[in-house]
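Chain by chain, the residues run as shown.
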Amino acid sequence: MNPTPLPTVRALTPSDAAAYVALRRAMLLDTPRAFAADPETDRGSDEAGVRTSLAGPGYAIVGAFEGEALIGAAGIIRQSGRKLMHRAYIWGVWVRPDRRGRGIGEQLVRRTIETARGWSDLRVLCLSANAEQPAAIRLYERVGFKAWGVEPAMLIVDGVEYGEVHMQLRVRSG
Ligand SMILES: CC(C)(COP(=O)(O)OP(=O)(O)OC[C@H]1O[C@@H](n2cnc3c(N)ncnc32)[C@H](O)[C@@H]1OP(=O)(O)O)[C@@H](O)C(=O)NCCC(=O)NCCS
C-alpha cells in the first residue's frame, strides 16, 4: 500500500469556514484538555464568525489539506490596542490523530510564525500548552518557543486540574 502523501499547507480563506468549523469540533472532542474552549460555547465553532475573521486583518488559520479534506490546523490572532498590538497568540493547533508524527504539526506552526513575521510591528508570539501535552511542548520548543512559566490549575477537565505552560517567541526586536 502507498503511504499517504504529505498534505498541502496553506492559509484558509473565508470559503474554508465550514470545513474549519467541522475540524474545530473534532479537535475539541478529541483532546478536551488541550483547549480551553468547549464545543457548546466555542467562538471558533461559529461559521459566520470564522468567515468574517478570516476576511479581516490580524487573524489567520493555516490548514493542512489532503485534497479537499482538512486534516490539521493552527490559528494566529493579533492583539488589539496600541499597547498590545505587538503581540499575537497561536491557538488551536491540532492534527488528526491518524496523521500525527509526520511533521505536519511542525509545518503548520512554522507557517503561522511566517505569517506573523509578515505583520508589521509584530514583536512577540505567545502561546500556552497544557503541561501534560508533552508532544505539543516539544513541537513549540523545536520551532523556537521558550517557556517562561507554568500556571497551576489553569484548566479543570473532568474534575482533573491541569497546569498550563506559557511560552513566547520573539519575532522582531525592539
Ligand atoms: C501536538 C500536535 C499538533 C503535533 O502534531 P504532529 O503532526 O504529530 O507533529 P509533528 O509530526 O511535527 O511532531 C510530532 C513528533 O513526530 C516526529 N516526527 C516528525 N516527522 C516525522 C517523520 N517523518 N517520521 C518520524 N517522526 C517524525 C517529531 O520529531 C515529533 O517527535 P517528538 O514528539 O518525539 O518530539 C498533535 O500531537 C496534536 O494534535 N495533539 C493534540 C492537540 C494538542 O495537544 N494541541 C496543542 C495545543 S497547545
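Conventions adopted
Residues numbered from 1 in each chain as written. Predicted model: local features only at pLDDT ≥ 70, side-chain atom pairs only at ≥ 80, totals over all residues. Heavy atoms only, no water. Core = buried A, V, L, I, M, F, W, Y, C linked by side-chain atoms within 4.5 Å. Buried < 20%, exposed > 50% of the residue type's maximum accessible area, 1.4 Å probe, protein only. Helix = DSSP H or I, 4+ residues; strand = E, 2+ residues; numbered from the N terminus. Axes fitted to C-alpha atoms, helices over the stretch in contact; angles between N-to-C directions. Parallel < 35°, antiparallel > 145°, perpendicular 65-115°, else oblique. Left-handed = near helix turned anticlockwise from the far one by under 90°. Contact = heavy atoms within 4.5 Å. Nonpolar A, V, L, I, M, F, W, Y, C, P; charged D, E, K, R; others polar. Pairing = 2+ DSSP bridges.

### Brief notes about the nonpolar core
And then number 1: Ranked by internal contacts, the top residues of the largest apolar core, which has 30 residues, are I90, I113, L125, Y140 and F145.
And then number 2: When residues of this core are traced back to their parent elements, those giving at least two are β2 (59–66), β3 (69–78), β4 (87–95), α3 (104–117), β5 (124–130), α4 (134–142) and β7 (160–170).
And then number 3: Tallying contributions element by element places α3 first for this core, with 5 residues.
And then number 4: Formed by 17 residues, the second largest nonpolar core is a distinct cluster that contains V21, Y59, F65 and A73.

### Quick notes on the packing of helix α1 (residues 17–30) against helix α2 (residues 47–55)
And then number 1: Packing of α1 against α2 leaves a shortest axis separation of 9 Å and a crossing angle of 120 degrees. Here α1 is positioned oblique relative to α2, judged by the angle of their axes. For the crossing formed where α1 meets α2, the hand is right-handed. Every residue of α2 that contacts α1 at A17, A18, Y20 and V21 is listed here: E47, V50 and R51.
And then number 2: Of the residues assigned to the contact of α1 with α2, the class counts are 5 nonpolar, no polar and 2 charged.

### Concerning the sheet that holds strand β1 (residues 8–11)
And then number 1: In space, the 7 strands of this open sheet follow the order β1-β2-β3-β4-β5-β7-β6, with mixed pairing throughout. Two strands close off the open sheet at either side, each with one partner strand: β1 and β6 (146–157). Averaged over all adjacent pairs, the angle separating strand axes in this sheet is 25 degrees, with direction ignored.
And then number 2: Examined bridge by bridge, β1 and β2 share 4 bridges and lie antiparallel to one another. Within β2, the residue paired with V9 across the bridge is A64.

### A short note on the packing of α3 against α4
And then number 1: The interhelical angle for the contact between α3 and α4, taken along N-to-C directions, is 50 degrees, at an axis separation of 10 Å. As far as their axial angle goes, α4 and α3 are oblique. As for how α3 packs across α4, the hand of that crossing is right-handed. When α3 is examined against α4, the residues G105, E106, V109 and R110 are found in contact with a partner set consisting of L139, Y140 and R142.
And then number 2: Counted by class, the contact of α3 with α4 contains 3 nonpolar, 1 polar and 3 charged residues.

Note that every value here comes from positions in space, so none of it alone points to a role or purpose.
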